[in-house]
Amino acid sequence: QVQLVESGGGLVQPGGSLRLSCVASGFTFSRYGMRWYRQAPGKEREFIATITFDGSTNYADSVKGRFTISRDNAKSTVYLQMNSLEPEDTAVYFCYVRMNSGTPYWGKGTLVTVSS
């Protein structure tokens, strides 16, 4: 079955960097676009970044220029490089894929806390 497992979260100071990873299994990773979302305390889940199967990317305005999404098809992994982190970036970060059938899948998330 489809599984998405995020890792790489943690506590970082403002201005710092983190790289999140999402390892996928149960489907042909190279054929699917992948997305990252986040959910801050008390807020709705929001779109962060997407990468198509062939590597085209798009970002939310709030992270454009600071975050970079990438993928390694050989490792069935999608990454989110986060630079210049701000306290407002504190959230649980989720990996997402939607199958051709329309069924969506989410990982369990990884917590990022930006605080001094």
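In this text the structure is predicted, and so the values were computed from the model without any measurement.

Draft legend 1. Geometry of the sheet that holds strand β8 (residues 77-82). Across the sheet, which stays open at both edges, the 4 strands sit in the order β1-β3-β8-β7 with antiparallel pairing between neighbours. Whereas interior strands pair on both sides, the edge strands pair on one side only; in this sheet they are β1 (3-7) and β7 (67-72). Taken over all neighbouring pairs, the strand axes of this sheet differ in orientation by 15° on average, direction set aside. For strand β3 (residues 18-25) and β8, the ladder comprises 6 bridges, and the chain directions are antiparallel. By the bridge assignment for β8, valine 23 is matched with threonine 77.

Draft legend 2. Representation of the pattern of salt bridges in the model. For the structure shown, the criterion picks out 5 salt bridges. The residue lysine 64 makes a salt bridge to aspartate 61 at a minimum N-O spacing of 3.2 Å. For the salt bridge of arginine 66 with glutamate 86, the shortest nitrogen-to-oxygen distance reads 4.0 Å. A residue pair is termed long-range when its members are at least 10 positions apart, and arginine 66 in the loop between β6 (57-59) and β7 and glutamate 86 in the loop between β8 and β9 (91-98) qualify at 20 residues. A relative accessible area of 13% means that arginine 66 is categorised as buried. Relative accessible area serves as the criterion here: at 33%, glutamate 86 is assigned to the partly exposed category.

Cut-off values and rules
- Residues numbered from 1 in each chain as written.
- Predicted model: local features only at pLDDT ≥ 70, side-chain atom pairs only at ≥ 80, totals over all residues.
- Heavy atoms only, no water.
- Pairing = 2+ DSSP bridges.
- Helix = DSSP H or I, 4+ residues; strand = E, 2+ residues; numbered from the N terminus.
- Axes fitted to C-alpha atoms, helices over the stretch in contact; angles between N-to-C directions.
- Salt bridge = Lys/Arg side-chain N within 4 Å of Asp/Glu carboxyl O.
- Buried < 20%, exposed > 50% of the residue type's maximum accessible area, 1.4 Å probe, protein only.

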